Amino acid sequence: MAQCDKALDVQTSQRLENPADTILIVEDNELNMKLFHDLLAAHGYKVLQAFDGQAGLQLAQQHHPDLIIMDVQLPGNLSGLEVTQVIKDDPKLKEIPVIAVTAFAMKGDEVKVRAAGCDGYITKPISALNFLQSIKKFLNERSSVSEGRRVL
Ligand code: MN
């Protein structure tokens, strides 16, 4: 154990103690998707990918991920906020933390993101460190807090 840990940074070794956390990414932009995927996969998460809201909803229902990263602006007839509302209205899915990804952080957007039921949000451009810290924070809160707590 100690030998293995030498090669890993603290964040990675903590992550590997609970390697089964599954994160669903709903994101239509291929570069952002690759960035999210690579960061999460490198830190030991299982990653599911959806490029539109309909596919995202299906994967959420089928796999019940531990956390969902939800781009707000998606192609097709389901926006990220609409998908979030469906998830938060579903008793089987509503406990899953949803982190919205927004292109800009304006006051009105925060209100909309909160109203849709998102548990938090991150803004583009993405900082890798902040992104991973947000993910960890929400996963830890989910496992230590039984009642859904809103953090925005
Ligand atoms: Mn988008």
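Residues numbered from 1 in each chain as written. Predicted model: local features only at pLDDT ≥ 70, side-chain atom pairs only at ≥ 80, totals over all residues.

Chemist: Whenever I open this one, the overall build of the chain confuses me. Can you help?
Modeler: On a plain count of helices and strands, the chain comes out with seven helices and five strands. Secondary structure elements of the chain, listed N to C terminal, follow the sequence α-α-β-α-β-α-β-α-β-α-β-α. Burial status across the chain gives 28% buried among its 152 residues. For the chain, contacts bridging at least 24 residues in sequence account for 60% of all contacts bridging at least 6. (Helix = DSSP H or I, 4+ residues; strand = E, 2+ residues; numbered from the N terminus. Buried ≥ 20, exposed ≤ 12 C-beta atoms within 10 Å, placed from the backbone. Contact = placed C-beta atoms within 7 Å.)

Chemist: Any chance you could explain the sheet that holds strand β4 (residues 98–102) here in plain terms?
Modeler: The five strands lie next to each other as β2-β1-β3-β4-β5, forming an open sheet whose pairing is parallel. Looking at the sheet topology across the chains shown, the edges are occupied by β2 (46–50) and β5 (120–123). On average, each strand axis in the sheet is inclined to that of its neighbour by 20°, with strand direction left out of account. Of the pairings in the sheet, the one linking strand β1 (residues 22–26) to strand β3 (residues 67–71) comprises four bridges and is parallel in character. By the bridge assignment for β3, L24 is matched with I68. Contacts between helix α4 (residues 53–63) and the sheet are confined to β1, β2 and β3, with β1 contributing the most and set at about 165° to the helix. (Pairing = 2+ DSSP bridges. Axes fitted to C-alpha atoms, helices over the stretch in contact; angles between N-to-C directions.)

Chemist: I would appreciate a short explanation of the nonpolar core in the present structure.
Modeler: Proteins that are soluble and globular tend to have nonpolar side chains buried together. Ranked by internal contacts, the top residues of the largest apolar core, which has 30 residues, are V26, I68, I69, M70, I99 and A100. Of all elements in the fold, only β1, α3 (30–42), α4, β3, α5 (80–89), β4 and α7 (128–144) reach the threshold of two or more residues within this core. Setting aside its immediate chain neighbours within four residues, I99 contacts L67, I69, M70, C118, D119, G120, Y121, I122, S134 and F138. (Core = buried A, V, L, I, M, F, W, Y, C linked by C-beta atoms within 7 Å.)

Chemist: Is there a simple way to explain the confidence of the model for the chain in this structure?
Modeler: Detailed conclusions should not be drawn from predicted coordinates in areas where pLDDT is low. Residues at a pLDDT of 70 or more form 79% of the chain, whose mean pLDDT is 84. Between the elements of the chain, mean pLDDT differs from a low of 49, seen in helix α1 (residues 2–6), to a high of 98, seen in β1. Low pLDDT (under 50) marks residues 146–152, which in the prediction has nine contacts with non-local residues, meaning those over four places away or in another chain. (pLDDT = per-residue confidence, 0-100.)

Chemist: Explain α4 to me, please; I cannot follow it from the model alone.
Modeler: Residue pairs three or four apart in sequence face the same way in an α-helix, which turns once every 3.6 residues. Turning to α4, its buried residues are G53, G56, L57 and A60. Considered in projection along α4, the buried side chains sweep an arc of 100° and stay on one side of the axis. The exposed set on the far side of α4, more than 90 degrees from its buried face, consists of Q58, Q62 and H63. Buried residues in α4 make contact with β1, β2, β3 and α5. H64 sits one or two residues past α4 and shows a positive phi near 45°. (Arc of directions from axis to C-beta.)

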